[in-house]
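Given next are the chains, with one letter for each unit.
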Amino acid sequence: MSNAPDLRQRDYAYSSFTERLLAKEIAPGQIVSQRELVELTGMPLGAIREMIPRLEADGLIKTVPKRGLQVLSIDLSLVQNAFQLRRIIEGEAISVFCANAPGDDLKRLADEHRMIRERALDHVTPELLEQAQRIDWAFHDHVVDAMGNQIISDVHRVNAIKIRLIRNADTRMLPELAVSVMDEHLAVIDALTARDPSRAVAAIHAHIDSAKRRALGM
């Protein structure tokens with residue numbers, strides 16, 4: 001029981017670090033010290049020290065002797081590996097979701113995606129883009145979490161951080177992508193609604209491959 005506050009602080013520090021990383025307040029490849037992480041996250045040094053082994057295990061930082069802590073660098077190998085892992089996880093998750101998802105859940109997903117698509121066809125505002133991005137990420141998290149496998153969900157979330165770091169501006173929801181991303185998701189949802197696992201897996205793989213091409217600038 002005495003370790004509970006420390007564990008909570010470690011988790012808060014981890015969340016704060018990843019938020020700063022995705023907000024570009026910490027750059028990929030940057031060398032940082034523990035003291036700098038205290039300033040960046042607003043968490044005490046003890047929580048930072050508790051957080052570091054978890055970040056190392058997740059591949060988000062590595063210790064560089066006599067220099068400090070180096071944040072994950074973005075390179076071609078990371079792109080290939082992260083998107084391959086995403087294909088494996090989400091392909092299996094979609095197949096399971098296709099068999100088990102309640103009909104009202106699928107209707108909710110279809111309705112919210114179509115609402116965003118219709119509004120984006122009319123006018124794309126920053127608020128709409130933010131909502132579209134939330135729906136995009138939440139859809140993938142929801143499908144993976146529906147497997148009920150905490151190990152897979154944890155791996156998925158760490159990999160999602162890496163995916164979002166890769167060509168950060170290109171993997172965010174951009175005005176010109178709002179409709180096409182919703183269309184890609186709706187192709188998946190339509191296959192799920194038809195209870196067609198082969199078509200659903202093909203659609204999610206096509207969506208992931210499209211995101212990978214954008215990340216590679218293709």
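See above for the structure.
Residue positions are given per chain, counted from 1 along the sequence in the order it is written. Only residues with pLDDT of at least 70 are given local features in this predicted model, and only at 80 or more are side-chain atom pairs given and counted; all residues enter the totals for whole chains, interfaces and linings. Calculation of side-chain values draws on the structure's entire complement of heavy atoms; hydrogens and water are dropped beforehand.

K.L.:
What's the story with the overall build of the protein in this structure? I'm lost.
P.N.:
Numbering of helices and strands starts at the N terminus; helices are DSSP runs of H or I of at least 4 residues and strands are runs of E of at least 2. Helix and strand counts for the protein stand at ten helices and three strands. When its helices and strands are written in sequence order, the protein yields α-β-α-α-β-β-α-α-α-α-α-α-α. Radius of gyration here uses only the C-alpha atoms, and the compact-globule reference equals 2.2 Å multiplied by the residue count raised to the power 0.38. For the protein, whose C-alpha radius of gyration is 19 Å, the value lies close to the compact-globule estimate of 17 Å for 218 residues. Reported as C-alpha extents along the three principal axes, the dimensions of the protein are approximately 55 × 40 × 30 Å. Taking all 218 residues of the protein together, the buried fraction comes to 41%. Throughout, a residue-residue contact means that at least one pair of heavy atoms, one from each residue, lies within 4.5 Å. Here the contacts in the protein between residues at least 6 apart in sequence split such that 72% fall between residues at least 24 apart. On the protein, roughly 11,400 Å² of surface is accessible, and the fraction owed to carbon and sulfur atoms is 53%. Only four residue types enter the tally: Lys and Arg on the positive side, Asp and Glu on the negative side; His and the chain ends are excluded. We put the charge of a Lys on NZ, of an Arg on CZ, of an Asp on CG and of a Glu on CD. Distance between charge centres in the protein, computed from 28 positive and 31 negative side chains, equals 4 Å. The classification of residues rests on relative accessible area computed with a 1.4 Å probe and restricted to protein chains. Under 20% of the type maximum is buried, over 50% is exposed, and intermediate values are partly exposed. To measure how exposed things are, a 1.4 Å probe is used in the Shrake-Rupley method; for residues, cover is taken only from the protein chains shown.

K.L.:
How should the layout of surface pockets be read in this particular structure?
P.N.:
Unoccupied space between atoms shows up once a probe the size of one water molecule is rolled over them. The way it works is a 1 Å grid over only the protein atoms, where trapped points that fit a 1.4 Å probe form a cavity and open points with protein on both sides within 12 Å along at least five of seven lines form a pocket, and then any residue with an atom within 4 Å of a point lines it. Grid points are joined across faces, edges and corners, and a volume is the space filled by probe spheres set on the points. A volume near 330 Å³ is recorded for the largest pocket. Taken together, 14 residues line the largest pocket, and the ones lying closest to its centre are Y14, R54, R157, V158 and I161. Counting only elements with at least two residues in the lining of the largest pocket, the list comes to α1 (4-22) and α7 (150-165). Looking at which element gives the most residues to the lining of the largest pocket, the answer is α7, with seven residues. Each residue is assigned to one class: nonpolar for Ala, Val, Leu, Ile, Met, Phe, Trp, Tyr, Cys and Pro, charged for Asp, Glu, Lys and Arg, and polar for all the others, Gly among them. Split into classes, the residues belonging to the lining of the largest pocket amount to five nonpolar, two polar and seven charged.

K.L.:
Which parts of the structure should I look at to understand the side chain of H207?
P.N.:
If you trace the backbone, H207 turns up in helix α10 (residues 197-215). Assessed through its relative accessible area of 3%, H207 is described here as buried. With sequence-adjacent residues up to four places away left out, H207 is seen in contact with R86, D136, H140, V181, E184 and H185.

K.L.:
Where do I start with the packing of helix α5 (residues 103-122) against helix α9 (residues 178-193) in this structure?
P.N.:
Relative placement of two packed helices is described by the angle separating their axes and the distance separating the axes. Remark: α5 packs on α9, axes separated minimally by 9 Å, with the N-to-C direction vectors making an angle of 155°. Classed by the angle they form, the pair α5 and α9 counts as roughly antiparallel. For the pair α5 and α9, the sense of crossing is left-handed. Taken together, the residues of α9 that come into contact with α5 (itself represented by L106, L109, A110, H113, R114, I116, R117, A120 and L121) are A178, V179, M182, D183, H185, L186, I189, D190, L192 and T193. For helices, the fitted line uses only the C-alpha atoms of the stretch in contact; every axis is such a line through C-alpha atoms, and the angle between N-to-C directions lies from 0 to 180 degrees. Our angle categories are set so that under 35 degrees counts as roughly parallel, over 145 as roughly antiparallel, 65 to 115 as roughly perpendicular, and the remainder as oblique. Crossings are assigned a handedness: left-handed for a near helix turned anticlockwise from the far helix by less than a right angle, right-handed for a clockwise turn.

K.L.:
Looking at this structure, I do not really get a nonpolar patch on the surface. What am I missing?
P.N.:
Patch membership requires more than 30% relative accessible area and the absence of a salt bridge. Residues of like charge join within 9 Å; the nonpolar side chains Val, Leu, Ile, Met, Phe, Trp and Tyr join within 5 Å. Salt bridge, as used here: a side-chain nitrogen of Lys or Arg that lies within 4 Å of a carboxyl oxygen of Asp or Glu. On the surface, a nonpolar cluster with roughly 250 Å² of combined accessible area is contributed by L85, I151 and V155. With respect to the helices and strands, the residue L85 is situated in helix α4 (residues 76-100).

K.L.:
When you look at α7 in this model, what are you seeing that I'm missing?
P.N.:
One turn of an α-helix holds 3.6 residues; hence residues three or four places apart share an orientation. How far a helix is expected to stretch is found by multiplying one less than its residue total by 1.5 Å. Under the 1.5 Å per step criterion, the end-to-end length of α7 is 23 Å for 16 residues, consistent within 8% with the ideal 22 Å. A 3.5 Å cut-off defines polar contacts: any pair of N or O atoms within that distance qualifies, except that in protein one atom must be a possible hydrogen donor and the other a possible acceptor, and neighbouring residues in sequence count only when both atoms are side-chain atoms. The N-cap of α7, judged by a side-chain oxygen 3.1 Å from the amide nitrogen of I151 a few residues on, is N149.

K.L.:
It is not clear to me how the pairing of strand β3 (residues 68-71) should be interpreted in this structure. Could you clarify?
P.N.:
Walk down a regular strand and you will see the side chains alternate between the two sheet faces. Strands are labelled as partners when DSSP assigns at least two bridges between them. Judged from the two bridges that link them, strand β1 (residues 31-32) and β3 form a sheet pairing that is antiparallel. Residue pairing for β3: V32 is matched across the bridge by L69. Note: strand β2 (residues 61-64) against β3, four bridges, orientation antiparallel. Pairing of I61 across the sheet is with V71, part of β3. With antiparallel pairing between neighbouring strands as the criterion, β2 and β3 make up a hairpin whose turn holds three residues, including K66 at a positive phi of roughly 70°.

K.L.:
For this particular structure, what's the right way to read the sheet that holds β3?
P.N.:
Pairing between the strands of a sheet is mediated by backbone hydrogen bonds and can be parallel or antiparallel. Strand order in the open sheet formed by three strands is β1-β3-β2, with antiparallel pairing between adjacent strands. Of all strands in the sheet, those with a lone pairing partner are β1 and β2, marking the two edges. Seen against the sheet, helix α3 (residues 45-57) touches β2 and β3 and runs at an angle of roughly 110° to β2.

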